[in-house]
Amino acid sequence: MLTPEIEGKRDARKIRGEMGLGDGPIDVFKIFKEKNISYAKKPLKSNISGMFLRKGNVNFVLINSSKTKGHQNFTAAHELYHILFEEGQTGSVCVAGIFEQKSQSERKADYFAANFLVPAETLELELFKRMGSSKRKPDFPDLLYLEALFGVSHSVMLIRLQQIGVLDEEDILRFKKGIINEAVKYGYDTSLYLPTKEDLIVSDYVEKARILLEDGIISEGKYEELLIEAGFEDVLFGEEVQEYEDC
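Residues numbered from 1 in each chain as written. Predicted model: local features only at pLDDT ≥ 70, side-chain atom pairs only at ≥ 80, totals over all residues. Heavy atoms only, no water.

Undergrad: Run through the environment of Phe 232, naming residues and quoting values.
TA: Relative to the helices and strands, Phe 232 is located in the loop between α11 (220-229) and α12 (233-237). On the basis of relative accessible area, Phe 232 is assigned to the buried category, the value being 2%. Spatially, the C-alpha atom of Phe 232 lies 9.4 Å from that of Tyr 205, the residues being 27 residues apart in sequence. Apart from the residues lying within four places of it in its own chain, the contact partners of Phe 232 are Phe 60, Ile 201, Ser 203, Tyr 205, Val 206 and Leu 227. (Helix = DSSP H or I, 4+ residues; strand = E, 2+ residues; numbered from the N terminus. Buried < 20%, exposed > 50% of the residue type's maximum accessible area, 1.4 Å probe, protein only. Contact = heavy atoms within 4.5 Å.)

This is how it looks when you write it as structure tokens:
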């Protein structure tokens, strides 16, 4: 029986191959658009990282924008795993927590996300291009470069470097804190390490549901049910906005 780690790595390589993504850095949110996966980013107060819902052929992902930008990118890849490999699942909520306490499904999704965003071969190549044959270990400037390149959080990059045998536990403890100050010191953009607090919806889900209602294909009750299940309560219960002549 394969371990979640081996399965996650295998599945990440499979999807990259099927989508012709090669081994370079990727933008998961662009993949969402290409695969017609609706998504929203909302600043949630809970510890939820994200969730996905499936209704027939419609897939919807919610990302907690109160988490850092790097964390959000990882969550998006994590939810992509659920959508692509768990066809019978109608939805799940992913909460940031202790890895060892997660279910097999959540572990596979985490391993998939890590390998999908940061393939080991590409990470090793980038390290070699930056450091050559030097025997030194990566330092903060190297970590900042790699994190910016792959668009992942500091914690994810530390884990990936440990997984490929470049860093050990002692190194992880040394690098664990202070990344934002280091980013400022070396002139890197700090946005990767900060919450975005975005509140946006990238979806035609609401439009399709509204057309079904207006064409008499579904009832008002079914329309409301579809929107609530997909997390679009604001469309139903939001206040009417004043119109202006020169909008």
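Undergrad: Before we move on, could you go through the pattern of salt bridges and cite the residues and values that matter?
TA: Counting across every chain of the model gives 17 salt bridges. With a shortest N-O distance of 3.2 Å, Lys 137 and Asp 168 are connected by a salt bridge. With a gap of 31 residues between them, Lys 137 in the loop between α5 (120-131) and α6 (140-150) and Asp 168 in the loop between α7 (154-163) and α8 (169-175) connect regions that are remote in the sequence. Judged by its relative accessible area of 36%, Lys 137 falls in the partly exposed class. Note that Asp 171 and Lys 137 form a salt bridge whose closest N and O atoms lie 2.6 Å from each other. Here Asp 171, found in helix α8, pairs with Lys 137, found in the loop between α5 and α6; they are 34 residues apart in sequence, far enough to count as distant. (Salt bridge = Lys/Arg side-chain N within 4 Å of Asp/Glu carboxyl O.)

Undergrad: So what's going on with the sheet that holds strand β3 (residues 58-64)? Residues and values would help.
TA: If you walk across this open sheet you meet the 5 strands as β4-β2-β3-β1-β5, and the pairing is mixed. For this open sheet the edge positions go to β4 (91-95) and β5 (200-202), each flanked by a neighbour on one side alone. Taken over all neighbouring pairs, the strand axes of this sheet differ in orientation by 10 degrees on average, direction set aside. Both strand β2 (residues 48-55) and β3 contribute to a ladder of 6 bridges, which runs antiparallel. Paired with Met 51 across the bridge in β3 is Leu 62. (Pairing = 2+ DSSP bridges. Axes fitted to C-alpha atoms, helices over the stretch in contact; angles between N-to-C directions.)

Undergrad: Before we move on, can you summarise the packing of helix α1 (residues 4-18) against helix α3 (residues 69-85) with the specific residues and values?
TA: Axes are the key here: two packed helices are described by the angle between their axes and the distance separating the axes. At a minimum axis separation of 12 Å, α1 and α3 run at an interaxial angle of 80 degrees. Judged by the angle between their axes, α1 and α3 are roughly perpendicular. For the pair α1 and α3, the contacting residues are Asp 11, Lys 14 and Ile 15 in the first and Tyr 81, Leu 84 and Phe 85 in the second. Class assignment of the residues belonging to the contact of α1 with α3 gives a composition of 4 nonpolar, no polar and 2 charged. (Parallel < 35°, antiparallel > 145°, perpendicular 65-115°, else oblique. Nonpolar A, V, L, I, M, F, W, Y, C, P; charged D, E, K, R; others polar.)

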